[in-house]
Structure formats: structure tokens, C-alpha cells
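Structure assessment
Here's the letter readout for the chains.
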Amino acid sequence: MSRRDPRKGLTMIGATPGLRVKQLEVKTRKNNGRTRSRLVQVPIKPSNVTSPINSSCLSTPSKHSRSPSKPHFRFAHDEANADDMNPPPLEPLRLPRKKTQNDYIREWIHHKEDLLRIMLEMEAPPSPRNCARCGKDGVYRCTDCMHQLLLCTDCCRLVHNVHPFHRIQQWTGEFFQEAALHMTGLKLQLGHDGAPCPSAIIGQQGPQSGGRLNKAAMDIEGGPLPMNDEQWEDIDEIPLHLRPPSGSKYLTVIDVTGVHFVLVEQCQCEGADSYHLQLFRAKLCASTFEKPSTVFTFAVLDDFLRDNLECGTSGMNYYSKLRRLTSNVFPHLVPNRYRELLRLARQWRLLKLLKWNGFKQTMDRPSQGDLALFCEACPQPGINVDPTDDLNDWKFTRTVVMDGNFKAEHMHEKRPDDQVWLMDGRGFMVTHPPYQAYLKATPHITEKSTCNNHRAISQANISHGKLRSTGIGATACARHGCFYPHSVVDFQKGERQLNMDYSLSNALSHNMMGIANVLCFYDINCSYMKNLRKRVDNSDFLHIPSTLWIIPGIGIWHVHGHKEECYARYAPLFIKGSGWVDGEIIETLWSILNVVSSSTRGMSSPHRQELLDFQMNDSNFMKMIRIVEHLSQKLKAARISVTMAREAFKKLDEAVPSSHRAAWHIQEQSALSGRVQDVSVMDIFEIQLKKEAPTIRTIELKLLEATSQPGVQRGAASWLTRGLEIEEAEIMLSITWKECGKFPSEIKRLAMARRADRLASERSRFVADGQIYMEPLNVGALSDEHEDYVNVPEDDARHDSGGGDIFPEDEDSNESADEGIEMGAPKMSTISHLPLPSNVGVDRCHAAGVHALLDMELQLRIGQANDALHGLRLALADKAVVFRGVVCQAKTYSTRTRAWQIVNSIDSSVKQHAAIYRRCREAMIALGADVDTLSRFQELLNSHLTVDTAAFTQNAHSHRSSNLPWFWSIDIPRDTTSKSWLTEFYRIHWLRAKAVKDRWEEEEELLASEFQWAINFFKYHARKWNEKCVSCKVAGLLGAASYAARQKAIYEQLAEQGATKWQNMNPYMLQ
């Protein structure tokens, strides 16, 4: 039998008889979430040996302890010793701790002397200095070969016949210096599997032996010639390995090991391939076809593309690395083949894409988007979805996201008419000529946004003269982050709607046959979608089927920058069928493209298009090979979240009367079904109570529109409003500073100091403007008179009745503020006196003839008080809902901690609104408000700032007898009860909790379907490659057939991996 300690997750699996050891099964969790088990033998001292263990070791270790030196676990001795009068002491078990990076470095420090000694020993040849193969005098060693064997000239040449691009060193008698393999007489033989061509040997015997050269041989005769001495004036100063072979025909070969000069002998047999094809068969890509002198190995081209994809390495930086690999001391003497590298890289990208996508012949010309991969988990009828399925079902909704990227700029070209397009429109970027025709035929119509002033709209028509393109716009899969083929467009100015229309139109034509619904996320969808159908119908270049329903949405991060009503109308939480998606995944894709954006800025248009296409294709490829693991992790999280969401909603739903539940359910279903025709029906997810009391903005507008009063300058209302806003900002700063505690961090102190400095500047400008509106009074003198600061209202200062303190639970708030001042921080726990009529006094204002300002400030104070009470009600109701629905239901320490953090943030808002209201009421009294006004705006006590959570338990006894404070009904229509606020908040929380539950349930169902769609996608492509394999075998194309068979095997492995993963996650289901 095994015993388990629940505190440590360890199982004692037995003790070896006769030995004082016990075996433990230790389970550790890795970063990837997997659990690793291993056996540990724990030695136990004999019973007659005492162990100096103090009493502190017998205590239970803290769960936060991670140090291996602390006791974590202990066991008693064998059961045979259980009855001993003096049982042996318990021995602590010190579990092995996982080593950190610093632990490994500390181990290395002890060995660094030995490592350095060996490195220096390797600088000298072995003794005796003999060839490792034949025993002759050793001269050369290869730095790229294992063990760096010392070889003679002949052996070095023979060994490197199959490694002609290794770097070697030559012994000079004192040290090893850089050398080149051509110095050993090595020649690269083309054809005949690396052996010398028989025809070449016959041809070298001359005309006397009847030898002759074929046309291919004559081509090479006019090929690369020896380097002229004029180009190498100081040839004696050039290192030996950088000198080209003298009097011989050679090639400059660029490999991952650097730049090499290689002697080449081509095949001269009758019917042999041309020279550049012979080079290509040797995995050497010639930079030119006539008289090639420079070649690039396949390895260096692949390495450059890989470096460019993963690291964003530009061609200039990559070739600079190759020059330093060739000679770290004299890189400037290495031939510059940077332009050839860029040209060969373009050609290599196209060849790789054609090969990967199965285009083996010229007649198989790819069409738009054919050289691009697309999402394997999105529904594509005929590929991973059966076209006979009911495609109107919500699961088959395509989810797309659009956005612009202004990092991918492009400068004007020097020769725009002299361009060679290798894959125009075959990848992700749209075809150039049709897109330019569309831009010329489509006028840009500036539409005024009804929402906030978003940059995508306000800067849509800004021109940048130095740039041909200010950025790119793209459409991607919103659930998995795959770019749509043939949908990426260039911006000519800003992010104009006509650009994004073209992108969306092309994206919605890719494998969409039968799809009836599209969920489209875009940062400005509240404005963009209004006239989309009209713009599409008026264009001959755009086509979106009229039967296709497009549901607009805004990403969860961007929607908070919109107006308040946009949240319920466009947030993914309230979109039926969206699952748990954020709509912001395209922002993560830009970071991948931005790796190469800087290097594409000055490229030609075709080169830039090819590079961006290749980068996006690689992004989609990486998504494809990781999709199984990605979906499995999301499905595991979704299953946990579904359970939690259901439990949370169930607890909330049980407290709802059946009449309310039925009414709210009808509201929800009506809104979700009618949102496509009218998105405003989604407003039921927001608070519906009508706010009748005028706000400060309403009163300010009323005062500005009224005729000016005698003795009052125009703009006085706005000036007074500025003063009230400065007071509010000072109150908020004071409360925030007090909440920082006794010892705030330097970052917090700096942030507070900056806010205080900005407020001081605003206050100075306000006082200066006061000279205009309160000219009879000396505002400067008033400011000096009230230079001293006064603290935020406290119990003993202004609210002796017991309700003035807005920090009832923070007994040391003043102490923390004072200590902060003592530490050198500015006085941020205080509020200044501004030259407002309420601070100047009624009598002095009447005497100065500015009594009209008294009435204006009183009206503004009433509006400010209404705003403060409105915010106070919102915060208190939110706090009650959160406390009952989250805090009280929390079962774990971490969940409870997060819940209390939410409550504390709401408490801060309550303090701010309460302090602002109390300041308003004091000003009303100072301004001589009448009895009716003061009876309406009563004194706010601390006891008023609490809400009994029983108000949310509909059948609770305390709920029936409880009374809400006076301010809960001050802003409610008279025909409603004071409980309507809490009922409305309860309705909102019920609707949103149900939305969370519904979205998670949809997410779980969607992920299960996407798992199957991904497997179907792999199986589909495995079948397609199998068909290509069969057809190539019939046509006698054995190489193409072999490649097709390899691709088929890869897709079958991906499908098998997905099926196995799905089976492991669903063991109860039959495969």
C-alpha cells in the first residue's frame, strides 16, 4: 500500500527490507504543463544515532518555501520501531531542486580554467606533426571537420572532395593561418558523381590526340577569367586564402561557411547539360546564365531565407556576416556579392513556393492566391467541411478581422516602369494592375464618424509625399490568426475605407462557397459597416454576395476606446456564435511582419511584395504545424471555463424571480436575433435607467447659450467649469496618494509628482484668466491670501456629525500622506483654494459687482453634485453585485484575492465621488443656497456609503425591511421605486453572466469542430498529394513523384497526430 501526503504530492511506495532507506515517487510539473515522475531513495539514520534537529524543523514548512535547504518532508522509521520507548528522531527529506541558469553558470566557473587551457592547446599542431591518414608531414587542418585532424596536402584534397566548401588552416612553422582548399589543388567536378569527366581528360590531350570540345566546353572557355593584376594592385598584401587562383578558371562560391574561390571542371560529354544546369544539379545556383562567375549554394540561400524569416536579417547584414566568416580581420577584401544575393533570393523564394504547392510544370500556372497557405481550422466547404452539411448553422460562420499596419512603409522607386513581377497576386498581396485600376476608378468619400474621433478615420486622407505606400491593410482569420490569400493591400494615404473594402471583398471570395454568415472584426466597424453594401454595389471591382450576412464586431481592446454604447453593440461577448474570441489577434501578426518591414522600405515593389508574401506564408505555415497543440490547449481551458461559467451563472440565476428571468430572457433573444438589421437593439445589455438630473455639461451649455448678463465677461461659465475640474483632479490625486501607503515606490512617487506638476500649471493658468472675469477683485492677492493648502475633509474638520470621513477604513491615511511628504514628495494630499466665488465669499463678490458669478457657480455646483451622485450610485451598486457574486462565492485563496482587488478598486471610485460631492455641498452653503436645494442635496454620511448585499437576495428577510440612502432616489423618475437601481444592475449582471456562459459553451463546441476540420484539412491534402504522386509516376517524373510522396507522408503524420490528440482528450469517444 502506498501513502500520500496531500501537502507535497509525494507517494511513499515502499521501503527496502534490511536497509535504512525509503523510496519516494517525486512528481514535478514542467513549464509545458506535463508531470514528470521519478524515484528518490531517502536514507534514514539508524535508531541509535541521534540527529540534532531543533524544534523549528518539526513545524510544517511554508507553502511558499522553495529553498532546498529548508526541511520539506519527514518520515518515521519502520513499523518495527513503532513501539520503542525512545523512537528515533524524524529525518528531514530535502527534495532535489530544479537547477536554475545561475546554478549551471556557477558550475562552469570551476571549469573555465581547464576549458581555456584546452582552447589554447588546440592552437598548436600535435607532436609529432604527422598526417593523420598517411603519416607524412602534416600541413593543413580543417576547422569545419570533427577533431581538426592534421593532414598533408594530398590527403586534405582527397578528404574534401565531397566537402569543397570547408575552411582550412595551414601551418607556417609558428602558427596556423587561414588557407583555401584550392591551394591544395582541389577541383569541383561536375557530373559523373564527382569523378573527372572522361571527355575532359581526352580534350586536355590536345588536337594531336584528336580531342575536341563541345559547345558546353566552348561556353566555359569564355567564362570566368583569371583576376587581372590591375584590380589587385597590392596583391602581396592580400592574405593567401583571399587570393583567387592564378591562371585558372574558377568560380566565386558563396556558402554558409563564407566566400570561396573554387576550381571547377564541368562535364564535356556529348549531350551534357549546359553549364548553369550542371551547376544547379551540384546544388549551386548561378547568378547569371551566360559565362557564370558567381554561384550560391542551396544551403546559403536556405539559410538566408530562414534568417530573414526568424530574425529579420537584411541582405546587407547577412552578407556582411559571410564576409566576416571568410576573414574576420580583412572582411573588406572579400568580394562583394550583395546584389547577387538579393537577386538570387527572389528567384529562390519563387522556386520554393512553386515546389511546396505542387506546381511542377510551366503549364501549371498558379492563379490568384495559389502560392499561399490558408487556415486549416476555418470551415472551407469541399476541403475540410462536407458541402452537403447545413452551412447555415452558426458553427460554419467565418470569423475575420481587418486592420492596418503603418510600419510597413514603402518609399518611391527610382524606376517604377522597369519592374519584373515574379508572383504578382499569387500570394497574399493583391494583384497590382487591377488594384491600381480600382483606386483610380473609386473616389474616396470622407465619412464623418458618429463615434469618437478615431485616427483611422481622421487621418485617412493625410498625404505623405516621400512615401509611395504609408502601410498595408490585411484581412485574417480572427480565431487562428492566418492571413487570407490575395487580400493584403497598400495604403496610399491613410487607412481609407476604399482600401479595406478591396481587402475584405477579396478575402470573402476565398473558399467561401456555401458559407452564409461572416463575423467581421474591425477597429472602426461602428462607422465602417454603415455604408459597406452601398460602396460594394457602386463598384465594378468589388463583389460580396447579397445573401452573405456580415455581422460587425470590434475587438475587445479597441472597443473601450469607442463611445459607451459601442461596447454592447460590437463587443465579441455579446455576439452570438462568436465563441470566446477577442478579435485582436491580427495585432500579434503585425509583430511578425514588422521584423522585415524596415528592410522592405527601400525595395522595389515586386521585391517587397515577394518578401511580405513569403513572410505571411511562413506565419500561416507555423500556425498549421502547431494547430493541433494550440487547439488542444484551448479546448482544455474551455472545458474548465465552461464549468466555472455555468456555476457562476447558476448561482446568480437562482436568486432571480421567475418573472424577471422570463422577461430578461425574452429581451436577450430579441436583441440577438435583431442585431443584424439594427445594432441598437443590443443596448439592452447596458443600464436602461433614465437620468433626469442635469449634468455639469448640460448646465454649462445652457449658460453659454444664454444671453450674457451685465458685468459678466463671455466665457465665464467655461472658466468656472475649469476651476471645478481642477478641484476634482486635486481630490482624485489626493486620494490616490493616500492609497499608495507609507512607502510608495519611486515609480509611483514620480507619477504622482508629474500629475501634481500638471495640476499646478493648470491652476496657474486658471488664476491668470481669473484677472479677466473677476477684474474688480485682485485675484493675485486672493491667491496669495489662500496660498496655504488645506487637507481633504476629515471627521474632525468638516463632518463632525459622523459622516464626513471618506476613508473610514484607512485609519493611517493621513499618516501615510505625511510620511510621503517627509520623504521629499510634493504636497499631493492637499487641495488648494482657487479664486472661485465660493472661496472668495458672498459679501466680497457683491461688493465687487460680480454677484452674477455666484449664481453661475451655484448652478454648476448642482450639476457637479448630480454627476458625483450618479457615479457614486454606479460604483456602490457594482460593488454590491461583485461582492455577492464573486467575493462570497470564491472558494480558493487566489480567487478571493483577485475578487478583493476588484472591490478595492471600486472603493477608490466611491471615495472620489463622495469627496467631490462633499466639496460641492460645502460650496453650495458658501454660495448661499436656499433650503430646498440643501434639502435635496443632503449631508453624505459614511453610513450612506454601504449597500446591503441582501438587496440582491430577492427572498431574504433583510431585503424587505432595508431602506436605501436618500441619494438612490434623487435621480430616478418619481413613478419608480428606489429599488429600481439595484434591480437594473442585477439585470445587467444576469445578462452578462449568461453571455459569458453562452460564449464559453460556443467556444467548447467550436473548438471540437475545429479539431475535426483541421484533421480533415490534413487528410484532404494527403489525398491531393497522393493523386499528384500517381500522376507523376505515370508521366515518368520520378523526382516529382518522390516529393509528392514525401508531402503526402507529412500531411498523414499531421492528421495522425491530430487524431491521436483528439482520442487522448476524449477517451470515452470512439475514433
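Bear in mind the structure is a predicted one, so any value in this text is a computation, not a measurement.

As for the overall build of the chain
Of regular secondary structure, the chain possesses 32 helices and 24 strands. When each of the 1071 residues of the chain is scored for burial, the buried share is 48%. Of the roughly 55,800 Å² that the chain leaves accessible, carbon and sulfur atoms contribute 52%.

Some thoughts on the nonpolar core
Membership of the largest hydrophobic core comes to 70 residues, with the highest contact counts inside it found for Leu504, Leu508, Tyr528, Phe1011, Phe1018 and Tyr1051. Take this core: its biggest share by element is 13 residues, from helix 31 (residues 980-1035). Counting 46 residues, the second largest nonpolar core, distinct from the first, contains Ile699, Leu834, Ala875 and Cys920.

Looking at the confidence of the model for the chain
Mean pLDDT for the chain: 79, with 75% of residues reaching 70 or above. Contacts for the low-pLDDT stretch residues 47-84, under 50 throughout, to residues beyond four places or in other chains number 57 contacts. In this model, residues 786-827 is a region of pLDDT below 50 whose contacts with residues beyond four sequence positions or in other chains number 85 contacts.

Focus on the sheet that holds strand 10 (residues 176-179)
Taken in spatial order, the four strands of this open sheet run 8-7-9-10, and their pairing is antiparallel. Since the sheet does not close on itself, it has two edges, and those belong to strand 8 (150-151) and strand 10, each with one partner. Taken together, the four bridges between strand 9 (residues 168-171) and strand 10 define a ladder with antiparallel strand orientation. Bridge pairing links Gln170 to Gln177 in strand 10.

Re helix 9 (residues 338-356)
With 19 residues, helix 9 should cover 27 Å at 1.5 Å per step; its first-to-last C-alpha distance of 27 Å lies within 8% of that length. Within helix 9, the full set of buried residues consists of Leu341, Leu344, Ala345, Arg346, Trp348, Arg349, Leu350, Lys352 and Leu353. Among the structural elements, helix 6 (275-281), strand 14 (284-286), strand 15 (294-297), helix 7 (298-311), helix 8 (315-326) and helix 17 (605-625) are those in contact with the buried residues of helix 9. Note on helix 9: the residue one or two positions beyond its end, Gly358, has a positive phi of about 80°.

Points about the side chain of His607
If you trace the backbone, His607 turns up in helix 17. When residues no more than four places from it in sequence are discounted, the contact partners of His607 are Leu342, Arg346 and Arg349.

Looking at the environment of Phe296
Tracing the backbone shows Phe296 in strand 15. Taking C-alpha positions, Phe296 is 9.8 Å from Arg337, a pair spaced 41 residues apart along the chain. Setting aside anything within four residues of it in sequence, one finds Phe296 in contact with Ile254, Lys283, Leu284, Cys285, Leu301, Arg337, Glu340, Leu341 and Leu344.

Side note on the pattern of salt bridges
Tallying each qualifying case throughout the model produces 41 salt bridges. Across the salt bridge formed by Arg535 and Asp501, the nearest N and O atoms sit 2.7 Å from each other. Here Arg535, found in helix 14 (residues 532-537), pairs with Asp501, found in helix 12 (residues 497-507); they are 34 residues apart in sequence, far enough to count as distant. In this pair, the class of Arg535 matches that of Asp501, namely buried. With a closest N to O distance of 2.7 Å, Glu725 and Arg697 form a salt bridge. Taken as a pair, Glu725 in helix 21 (residues 716-739) and Arg697 in helix 20 (residues 696-705) lie far apart in primary sequence, 28 residues in all. You can call Glu725 partly exposed: its relative accessible area is 35%. For Arg697, a relative accessible area of 49% puts it in the partly exposed group. One network of salt bridges, in which partners are shared, links Arg646, Glu668, Lys994, Lys997, Asp998 and Glu1001.

Observations concerning the packing of aromatic side chains
For any pair of aromatic rings, the description consists of the separation of the ring centres together with the inter-plane angle of the planes. What the rule picks out here adds up to 26 aromatic pairs. For the pair Phe1017 and Phe1018, a centre-to-centre distance of 6.0 Å together with 75° between the ring planes defines the contact as edge-to-face. Neither Phe1017 nor Phe1018 differs from the other in exposure class; each is buried. Measuring from ring centre to ring centre gives 6.5 Å for Phe1018 and Tyr1051, while their planes differ by 40°; the resulting arrangement is tilted. Of the two residues, Phe1018 is situated in helix 31 and Tyr1051 in helix 32 (residues 1038-1065); the sequence distance between them amounts to 33 residues.

Comments concerning empty space enclosed by the protein
Going through the model one piece at a time under the given rule, you end up with seven cavities of 30 Å³ or more. Of the pockets and cavities examined, the largest cavity occupies roughly 130 Å³. If you trace the largest cavity, you find 13 residues lining it, with Ala180, Leu181, His182, His260 and Phe261 closest to the centre. Per element, the largest residue contribution to the lining of the largest cavity is four residues, and it comes from strand 13 (residues 258-265). Partitioned by chemical class, the residues of the lining of the largest cavity number eight nonpolar, four polar and one charged. Quantified by volume, the second largest cavity comes out at close to 110 Å³. Trp421, Met429, His432, Asp490 and Gln609 are the residues nearest the centre of the second largest cavity, which is lined by 14 residues in total.

Observations concerning helix 8
The end-to-end C-alpha separation of helix 8 is 17 Å, in line with the 16 Å expected for twelve residues at 1.5 Å each. Restricting attention to buried positions, one finds in helix 8 the residues Gly315, Tyr318, Tyr319, Leu322, Arg323 and Thr326. One face of helix 8 carries all of its buried residues, which in axial projection span an arc of 145°. Projecting away from the buried face of helix 8 at angles above 90 degrees are the exposed residues Asn317 and Arg324. Elements in contact with the buried residues of helix 8: strand 12 (250-255), strand 13, helix 7 and helix 9.

With respect to the packing of helix 16 (residues 585-600) against helix 17
Between helix 16 and helix 17, the least distance of the axes is 10 Å, while the angle of their chain directions is 155°. When the interaxial angle is binned, helix 16 and helix 17 end up roughly antiparallel. At the point where helix 16 passes helix 17, the crossing takes the right-handed sense. Contacts between helix 16 and helix 17 involve Leu589, Ile592, Leu593, Val596, Ser599 and Thr600 from the former and Arg608, Leu611, Leu612, Gln615, Met616, Ser619 and Lys623 from the latter. Per-class residue counts for the contact of helix 16 with helix 17 are seven nonpolar, four polar and two charged.

Notes on the environment of Glu647
You can see Glu647 is positioned in helix 18 (residues 627-654). Since its relative accessible area comes to 43%, Glu647 is described here as partly exposed. Glu647 sits 350 residues away from Lys997 along the chain, and the two C-alpha atoms are 9.1 Å apart.

Describing the pairing of strand 13
Within strand 13, eight of the eight residues are buried, which leaves the element mostly enclosed by the surrounding structure. Pairing of strand 11 (residues 187-189) with strand 13 involves three bridges; the strand directions are parallel. Among the inter-strand pairings, Gln189 is bridged to a residue of strand 13, identified as Glu265. Relative to strand 13, strand 12 runs antiparallel, the two being bridged by six bridges. Residue pairing for strand 13: Leu251 is matched across the bridge by Val262. If you look at the hairpin formed by strand 12 and strand 13, you'll find two residues sitting between the two strands.

Quick word on the state of the cysteines
Evaluated as defined, the whole model comprises zero disulfides. Left without a disulfide partner, Cys482 is nearest to the cysteine sulfur of Cys375, which lies 4.1 Å away.

Description of the packing of helix 21 against helix 22 (residues 746-773)
It is at 10 Å that the axes of helix 21 and helix 22 come closest, and there the two elements cross at 160°. As judged from the angle between their axes, helix 21 and helix 22 are roughly antiparallel. For helix 21 against helix 22, the interelement crossing comes out left-handed. On helix 22, the residues touching Ala716, Trp719, Arg722, Gly723, Ile726, Ala729, Glu730, Met732, Leu733, Thr736 and Trp737 of helix 21 are Arg749, Met752, Arg755, Ala756, Leu759, Glu762, Arg763, Arg765, Phe766, Asp769, Gly770 and Tyr773. By residue class, the composition of the contact of helix 21 with helix 22 is twelve nonpolar, three polar and eight charged.

Scoring rules and cut-offs
Residues numbered from 1 in each chain as written. Predicted model: local features only at pLDDT ≥ 70, side-chain atom pairs only at ≥ 80, totals over all residues. Heavy atoms only, no water. Helix = DSSP H or I, 4+ residues; strand = E, 2+ residues; numbered from the N terminus. Buried < 20%, exposed > 50% of the residue type's maximum accessible area, 1.4 Å probe, protein only. Areas by Shrake-Rupley, 256 points an atom, 1.4 Å probe, with all protein chains shown as cover. Core = buried A, V, L, I, M, F, W, Y, C linked by side-chain atoms within 4.5 Å. pLDDT = per-residue confidence, 0-100. Contact = heavy atoms within 4.5 Å. Pairing = 2+ DSSP bridges. Expected span 1.5 Å × (residues − 1). Salt bridge = Lys/Arg side-chain N within 4 Å of Asp/Glu carboxyl O. Phe/Tyr/Trp six-rings, centres within 6.5 Å; stacked < 30°, edge-to-face > 60°. 1 Å grid on protein atoms, 1.4 Å probe; cavity = no way out; pocket = protein on both sides within 12 Å on 5 of 7 lines; lining within 4 Å. Points joined across faces, edges and corners; volume = space filled by probe spheres on them. Nonpolar A, V, L, I, M, F, W, Y, C, P; charged D, E, K, R; others polar. Arc of directions from axis to C-beta. Axes fitted to C-alpha atoms, helices over the stretch in contact; angles between N-to-C directions. Parallel < 35°, antiparallel > 145°, perpendicular 65-115°, else oblique. Left-handed = near helix turned anticlockwise from the far one by under 90°. Disulfide = S-S within 2.5 Å.

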